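Tertiary structure, described
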Amino acid sequence: IGIFDSIERIAYDMGVRYSSKKPNDKIAVIAIDDSSIANIGRWPWPRDKHAQMHRLLKEGGAKIIGQTAFFIEPQIDPGLKHIHELIEFYSNSNLSADLPGSTKTLRNLEKDLNTLGKQLMQAELDLNTDQVLAQSIEDSRNIVLAMHFTIGTPIGKPDTKLPDYIQKNLLTDIHNNPTSNPLGAYPLPAINTLYPIESIGPYASGIGALNAYPDSDGGIRSEPLVINYYDEFYPSMSLLLAAQSLNLSTQDIRINLGEGIQLGNLKIRTDPYLQMNTFFYHSGSDKKAFQVDSFYDVLQGKIPASKYKDKIVLIGATATGIGDSMVTPIDASMAPVLTLAHSVSSILNEDFFIEPEWTAQARLGAAAAIALYLIILLPRLKAGVSSILSLILLSSLLATHFVLMTEHGTWLQLMMPATLLVAGHLLLTTKRYLLTEQGKLQLDAESAESNRMLGLSLQGQGQLDMAFEKFRKLPVNKEALELLYNLALDFERKRQFNKALSIYRYMADRDAKFRDIKQRMTRAQAMEETVILSNTSSPGGTLLLDTGGVEKPMLGRYEVDKELGKGAMGAVYLGKDPKISRVVAIKTMALSQEFEGDELEDVKNRFFREAETAGRLSHPNIVTIYDAGEEHDLAYIAMEFLKGDDMVKYGKPDSLLPITRTLSIMCRAAEALDYAHKQNVVHRDIKPANLMYDPDTDTLKITDFGIARITDSSKTKTGMVLGTPSYMSPEQLAGKRVDGRSDLFSLGVMLFQMVTGKLPFQGDSMATLMYKIANEEHPAPESIRPGLPRCIGIIINRALTKDRDKRYQTGAQMAADIRKCGQIIVQNKKNKA
């Protein structure tokens, strides 16, 4: 069921992306963006800034203002306490009493003291930003504030009743029609709430629930329009904003349980739990779905407040590091204030997606029809006809799904029968092939003539081991021995003397006097240990290149030229494909020299898994794999030959790259990892040594997916601790199952080192290092390198979070933040210039 639900969500998201509707032009967003943070100061701001914005919007004629910031705690200025103490001292002292006497000096003194008292009172008012904010909300009379509910099923009763200024937002017009709500469905229940403080909340025109309720995959596709708090119904912020924009109060909101909500004559269709399937509007090439202006620009008058006349204005954060972004069908990182804008527009335009009451019956009916087709009709059809008919049925299901969504705003879940059709067709046709076509091929291949021809063909293709298997099935005669003799000569030419020796021994057991096989057996045995592997320089598997006039060795179709160095899994050579003159790097491993038995098979599988995994990755910042194979006990992988060096030297204090260059490299690395993770590949060993960089061409390549793992759900299991400890994530150290977020942690460690010249976690021993990574916070990068831009610290802090659910979830998110940070740095330099 989980697989079907995932497919349904993917199809739903595609339907949303291909649907086109115009957003409500009465909605505007004022964003607390990076520019505002840079100019006004770090978040949270003094609340008089919000008050100033409220006054500007009131003067500009905004109809409704939605304030998404949570004012759940008092904001006390440090100087306010001292002002209170001065006022108390002044009030309790004789200074505030009338001074006796009538001399001019006494009268002047009395006047100065009165002035002092008034200034203290004014200072108290100016520093009490909560009071300033409350006054602006009261004066505006059109501001809707946010409160947050903790979703969960209550067990008992609440500790205390909610304040009157919260309860005045209660929805009271509740209707429960058993026909439309046969299961007695209620809105999402809540067990706790955080609401605006008493000094601010009573002055708001309304207070609505600002709650995100993601699906199991973390995506936001619907919004709960009503929250059930101990049998009291409270509206969402989007519902309250829509109602007040229509000049309606909470008494005008009608709740039809199990069916939907009515605002005056506007009907909102929901699921039985009063959740609306939000329509997410696309941004055009030259225009965003909603106008988004910078808070700072509006505050400074760069954007006139009159622009927002008669509009619904939503104020909220979009800056890096403030609040959690949301995954929606059209954006993997959408700020909550923008999600709210889409919800309000969906309500006012009636653009929400409707799931018909009969969707369950239609889904089961379609699945039953597909099952009958697979069981009764498909086995009786020919392969070509069945494929055409299955394709027509699949196209019909997909077309119905997308037409209903894009043209009628109706979500009919048809991916389960579509998946059933594809899987059933593949299984049945595969079974038919195995029982018929494959059987015929096998009978033909077993004949002597077929084995001879097939063996010769394989030999011509260079697949000598498979050719040997076919020749061994031939009757032993002179013709067969000639074939085996020529095959052994081919193994000698490839310097696979051990395999040539095996063939000579096989021939000798049948005809020991055939041609010169005795001499060739002696020569092959002598050359087996002296030509293939060097016993003097590197017993572990260095290919001997200088053998006294013998031609340079071949690995598959590649000529080996020279040794480039030693890698983690063996030697690396410079080679060439003579057919196309391509220069390659060849990575080798002498498997039989290092391992044996089951361990040999395990390591061999791991080595070729590197080729399989990295070979299906095609990205400009990931090294390209061309070929893989095994020759004379050497497993090899042919890959792109890279110029430049690894990034180890750029992590040292005296050779750090410029910050903007470092951010550019890290951004490309994050994008490459995002691509690999989408292909279900986790690198597991991100470190400077595995990132090759050529400063002359500004080229970056990620190498060595040798310990990568394919993370398909059908293959996952708890893994071993692999990788370089200094760059490993806490979950990798603990031996837990890791995903792409582990690579992003390692990339965060690299970013820390590349901008500071030091590793964030260091220890005298392996145990100390592992403990620090798992339990201790990293030092602030600016403490090591003063003056480091603030946004870099924010990115590092999020990347190195111990809890991977709070870490960057995708490389694309991290790359986007790094790109923003680079833009901020460049812009700041321009401003200073």
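Residues numbered from 1 in each chain as written. Predicted model: local features only at pLDDT ≥ 70, side-chain atom pairs only at ≥ 80, totals over all residues. Heavy atoms only, no water.

**What to know about the sheet that holds strand β26 (residues 691-694)**
- The strand order across the open sheet formed by three strands is β24-β26-β27, and the pairing between neighbours is antiparallel. Only two strands of the sheet have a single neighbouring strand rather than two, namely β24 (645-646) and β27 (699-702).
- Note: β24 against β26, two bridges, orientation antiparallel. Paired with Asp-646 across the two strands is Met-692, which belongs to β26.
- Docked against the sheet, helix α22 (residues 659-678) engages β26 and β27, running at close to 40 degrees with respect to β27. (Pairing = 2+ DSSP bridges. Helix = DSSP H or I, 4+ residues; strand = E, 2+ residues; numbered from the N terminus. Contact = heavy atoms within 4.5 Å. Axes fitted to C-alpha atoms, helices over the stretch in contact; angles between N-to-C directions.)

**A short note on the layout of surface pockets**
- Volume-wise, the second largest pocket comes out at about 1,000 Å³.
- Asp-271, Pro-272, Tyr-273, Glu-355 and Gln-413 are, among the 34 residues lining the second largest pocket, the residues nearest its centre.
- Of all the secondary-structure elements, those providing two or more residues to the lining of the second largest pocket are α1 (2-18), β13 (275-277) and α11 (359-377).
- The dominant element in the lining of the second largest pocket, judged by the number of residues it contributes, is α1, at four residues.
- Residue composition of the lining of the second largest pocket, grouped by class: 12 nonpolar, 11 polar and 11 charged. (1 Å grid on protein atoms, 1.4 Å probe; cavity = no way out; pocket = protein on both sides within 12 Å on 5 of 7 lines; lining within 4 Å. Points joined across faces, edges and corners; volume = space filled by probe spheres on them. Nonpolar A, V, L, I, M, F, W, Y, C, P; charged D, E, K, R; others polar.)

**Some points on unusual backbone geometry**
- Following Trp-43, the chain continues to Pro-44 via a peptide bond in cis, the omega torsion being 0 degrees.
- Looking at the secondary structure, you find Pro-44 in the loop between α2 (34-40) and α3 (47-60).
- With a phi close to 65 degrees, Asn-680 is a non-glycine residue in the positive phi region.
- Phi angles above zero are rare outside glycine, and Asp-698 is one such case at about 55 degrees.
- Within the fold, Asp-698 resides in the loop between β26 and β27.
- Overall, the relative accessible area of 31% leaves Asp-698 in the partly exposed class. (Buried < 20%, exposed > 50% of the residue type's maximum accessible area, 1.4 Å probe, protein only.)

**Observations concerning the confidence of the model for the chain**
- For the chain, the average pLDDT comes to 84, and 85% of its residues sit at 70 or higher.
- With pLDDT under 50 throughout, residues 531-541 is counted as low confidence; its partners more than four residues away or in other chains account for 28 contacts.
- Counting interchain partners and residues more than four positions distant, the pLDDT-below-50 stretch residues 546-551 has four contacts. (pLDDT = per-residue confidence, 0-100.)

**Focus on empty space enclosed by the protein**
- The tally for this structure, following the rule as stated, stands at two cavities of 30 Å³ or more.
- Looking at the largest cavity, its volume works out to about 50 Å³.
- Arg-269, Thr-270, Asp-271, Asn-277, Phe-353, Ile-354 and Glu-355 are the residues that line the largest cavity.
- One number sums up the size of the second largest cavity: a volume of about 30 Å³.
- What lines the second largest cavity is simply Phe-471, Leu-474, Val-476, Ala-480, Leu-481, Leu-484 and Tyr-506.
- For the lining of the second largest cavity, the leading source of residues is helix α17 (residues 478-493), giving three residues.

**As for the pairing of strand β6 (residues 206-209)**
- Burial along β6 is two-sided: Gly-206 and Gly-208 and Ile-207 and Ala-209, pointing in opposite directions, are all buried.
- By the bridge criterion, four bridges tie strand β3 (residues 143-151) to β6 in an arrangement that is parallel. Bridge pairing links Met-147 to Ala-209 in β6.

**A look at helix α8 (residues 237-245)**
- Taken across its nine residues, α8 has nine buried, putting it largely inside the fold.
- All buried positions along α8 are accounted for by Met-237, Ser-238, Leu-239, Leu-240, Leu-241, Ala-242, Ala-243, Gln-244 and Ser-245.
- Once α8 ends, the next one or two residues include Asn-247, with phi positive near 65 degrees.

**A closer look at the sheet that holds strand β11 (residues 260-263)**
- The strand order β4-β10-β11-β12 describes an open sheet built from four strands, whose pairing is mixed. For this open sheet the edge positions go to β4 (173-175) and β12 (266-269), each flanked by a neighbour on one side alone. Taken pair by pair, the neighbouring strands of this sheet meet at an average axis angle of 20 degrees, ignoring direction.
- Taken together, the three bridges between β4 and strand β10 (residues 253-256) define a ladder with parallel strand orientation. In the sheet register, Ile-174 faces β10, and the bridge partner there is Ile-255.

**Comments concerning the packing of aromatic side chains**
- One pass over the structure, following the stated rule, counts 18 aromatic pairs.
- Both rings, one in Tyr-229 and one in Tyr-230, keep their centres 4.8 Å apart while their planes meet at 90 degrees; by these two values the pair is edge-to-face.
- Judged by relative accessible area, Tyr-229 falls into the buried class, the value being 7%.
- With centroids separated by 5.4 Å and ring planes inclined at 25 degrees, the aromatic side chains of Phe-279 and Phe-353 adopt a geometry described as stacked. With a gap of 74 residues between them, Phe-279 in the loop between β13 and β14 (291-294) and Phe-353 in the loop between α10 (336-349) and α11 connect regions that are remote in the sequence. Here the two residues Phe-279 and Phe-353 agree in accessibility, since each one is buried.
- Pairwise contacts between aromatic rings join Tyr-12, Phe-279, Tyr-281, Phe-290, Phe-353 and Trp-411 into one cluster. (Phe/Tyr/Trp six-rings, centres within 6.5 Å; stacked < 30°, edge-to-face > 60°.)

**So, the side chain of Thr-278**
- Its location among the elements puts Thr-278 in the loop between β13 and β14.
- The class of Thr-278 is buried, set by a relative accessible area of 2%.
- With near-sequence residues (within four places) excluded, Thr-278 lies in contact with Tyr-12, Arg-221, Ser-222, Glu-223, His-342, Ser-343, Ser-346 and Phe-353.

**A look at the pattern of salt bridges**
- In this structure the tally under the stated criterion is 22 salt bridges.
- Among the salt bridges present, the one from Lys-701 reaches Glu-640, with a minimum N-O distance of 3.5 Å. Of this pair, Lys-701 sits in strand β27 while Glu-640 sits in strand β23 (residues 634-640); the two residues are 61 residues apart in sequence, bridging distant segments of the chain. For the residue pair Lys-701 and Glu-640, the accessibility class agrees, reading buried in each case.
- Notably, a salt bridge pairs Lys-649 with Asp-645, separated by 3.6 Å at the nearest N-O pair.
- When its relative accessible area of 43% is taken as the criterion, Asp-645 is described as partly exposed.
- Within the structure, one salt-bridge network assembled from shared partners comprises Asp-13, Asp-215, Asp-217 and Arg-221. (Salt bridge = Lys/Arg side-chain N within 4 Å of Asp/Glu carboxyl O.)

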